[in-house]
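Notes for the structure review
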Amino acid sequence: MTNSQNEQLNGGNMPDMAKTYNEQAENFARFAPQSFTFVHIEKPAWEKLLDVNEETRVLDIGSGSGRMAGYLTTRKIKPENITGIEISQNLVDIAKRQIKGANFICGDARERIPAPDGSFDLVISHMVMEFFDEEGLLCVLLNAHRLLKKGGTLCFITTHPDKMTKRQGITKPGWFETDAPWGGTIQNWYRTKEDFKQALQMTGFNAVMEDLHVPPEAEEADKEAYAHALALDPMRLAVKALKR
């Protein structure tokens, strides 16, 4: 990565995430289900975060190639009870091929999502919240709040701000460019845990947060990936929020 790529982007235009992920869709789809962090950090966290059954109605914000939809079916949720919204049409097409029966919509989660109020028991988002600036995050959280039934739950896992600081030296809110582990580059927005807390409170949620750490036993699976994760630990932040 060049110095210019590693510098935080002050101002400028909103990243075109649809274009980015349309171009990277195939590489992302191959990488996502077997990534070291998903297998050893994120998936075990989801096992603890989610209290679901086959009738749970779920909205997946930033559903990608269907990674989380596929995982939800292993938790016995019926595919027809899963709706995903994804900004990349190419990723939507892949998800539809991979997860039969689920409903995948190509759209922007910052805009009004075409579903009635209170349609879902659970809203999830996996490694997506880092793609929204301050205004965008509030729009997404307000969408989630509207679509959740009373007492419904929002759960998401995102890049930990400490990891952004350790890897890129980022300490102030704003866009920065980083290498994608499946190839190419992506742009993320840096925010603190306190920023997340305030946004959730403003949009009607009571939330708890947990730093996710790489477990020691993961070293046996891939020593190089484990060493990389350990150097940036905690790499992930988990949030569970109840609709007020």
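Residues numbered from 1 in each chain as written. Predicted model: local features only at pLDDT ≥ 70, side-chain atom pairs only at ≥ 80, totals over all residues. Heavy atoms only, no water.

Considering the nonpolar core
Our working rule: Side-chain atoms within 4.5 Å are what join buried Ala, Val, Leu, Ile, Met, Phe, Trp, Tyr and Cys residues into a set we call a nonpolar core. Any residue under 20% of the maximum accessible area for its type is buried, any over 50% is exposed, and the rest in between are partly exposed; the area is computed with a 1.4 Å probe on protein chains only. Secondary structure is summarised from DSSP: a helix means a run of H or I of at least four residues, a strand means a run of E of at least two, and numbering begins at the N terminus for each. Pairs of residues are marked as contacts when any of their non-hydrogen atoms sit within 4.5 Å.
Within the largest apolar cluster, 34 residues are counted, with the highest numbers of intra-cluster contacts made by W46, L50, L72, I124 and I157. Counting residues per element, the ones that place at least two in this core are α3 (36-49), α4 (67-74), α5 (89-98), β5 (120-126), β6 (148-159) and α9 (223-232). Sort the elements by how many residues they give to this core and α3 lands first, with 6 residues. Setting aside its immediate chain neighbours within four residues, I124 contacts W46, L50, V58, L59, D60, I61, M68, L72 and C155. Residues M129, F132, A144 and F196 belong to the second largest nonpolar core, which totals 26 residues.

So, the packing of α3 against α4
The test is simple: Lines fitted to C-alpha atoms define the axes here, with helix axes fitted over just the stretch in contact, and angles between the N-to-C directions of these axes take values from 0 to 180 degrees. Geometric relationships in this document are graded by angle, where less than 35 degrees denotes roughly parallel, more than 145 denotes roughly antiparallel, 65 to 115 denotes roughly perpendicular, and other angles denote oblique. Definitions for this section: a left-handed crossing has its near helix turned counterclockwise from the far helix by less than a right angle. A right-handed crossing has that turn clockwise.
Interhelical geometry of α3 versus α4 gives an angle of 55° and a closest axis separation of 12 Å. By the angle between their axes, α3 is oblique relative to α4. Considering the relative orientation of α3 and α4, their crossing is right-handed. Residues F38, E42, K43, W46 and E47 of α3 touch α4, and the partners they reach there are R67, M68 and Y71.

A word on unusual backbone geometry
Between D233 and the following residue, P234, the backbone shows a cis peptide bond with an omega angle of 0°. Topologically, P234 is positioned in the loop between α9 and β10 (236-243). The backbone phi angle of M127 is positive, close to 55°, even though this residue is not glycine. As for its position among the elements, M127 is in the loop between β5 and α6 (134-147). Of the residues examined, M127 reaches a relative accessible area of 14% and is grouped as buried.

Points about the packing of aromatic side chains
Operational definition: Whether two aromatic rings pair depends on their centres lying within 6.5 Å, for rings of Phe, Tyr and Trp, where Trp uses its six-membered ring; planes under 30 degrees apart make the pair stacked, over 60 edge-to-face, and the rest tilted.
Scanning the entire structure with this criterion turns up 7 aromatic pairs. Considering the side-chain rings of W175 and W189, the 5.3 Å spacing of their centres and the 80° angle between planes classify their relative orientation as edge-to-face. Within this pair, whereas W175 is found in strand β7 (residues 174-179), its partner W189 is found in strand β8 (residues 185-190), the two being separated by 14 residues in sequence. The residues W175 and W189 share a single accessibility class, namely buried.

A closer look at the pattern of salt bridges
Where we set the bar: The rule for a salt bridge is simple: a side-chain nitrogen of Lys or Arg has to be within 4 Å of a carboxyl oxygen of Asp or Glu.
Considering all chains together, one arrives at 10 salt bridges under this definition. The shortest N-O distance in the salt bridge between K19 and E23 comes to 2.8 Å. Linking K19 with E23, this pair stays in helix α2 (residues 17-31), spanning 4 residues, or about one helical turn. What makes E23 exposed here is its relative accessible area of 55%. For E42, the salt bridge goes to R236, with nearest N and O atoms at 2.7 Å. Here R236 lies in strand β10 and E42 lies in helix α3, a separation of 194 residues in the sequence. Looking at R236, the relative accessible area reads 8%, which means it is buried. Each of the salt bridges in this network shares a partner with another, and the network as a whole consists of R57, D121 and K149.

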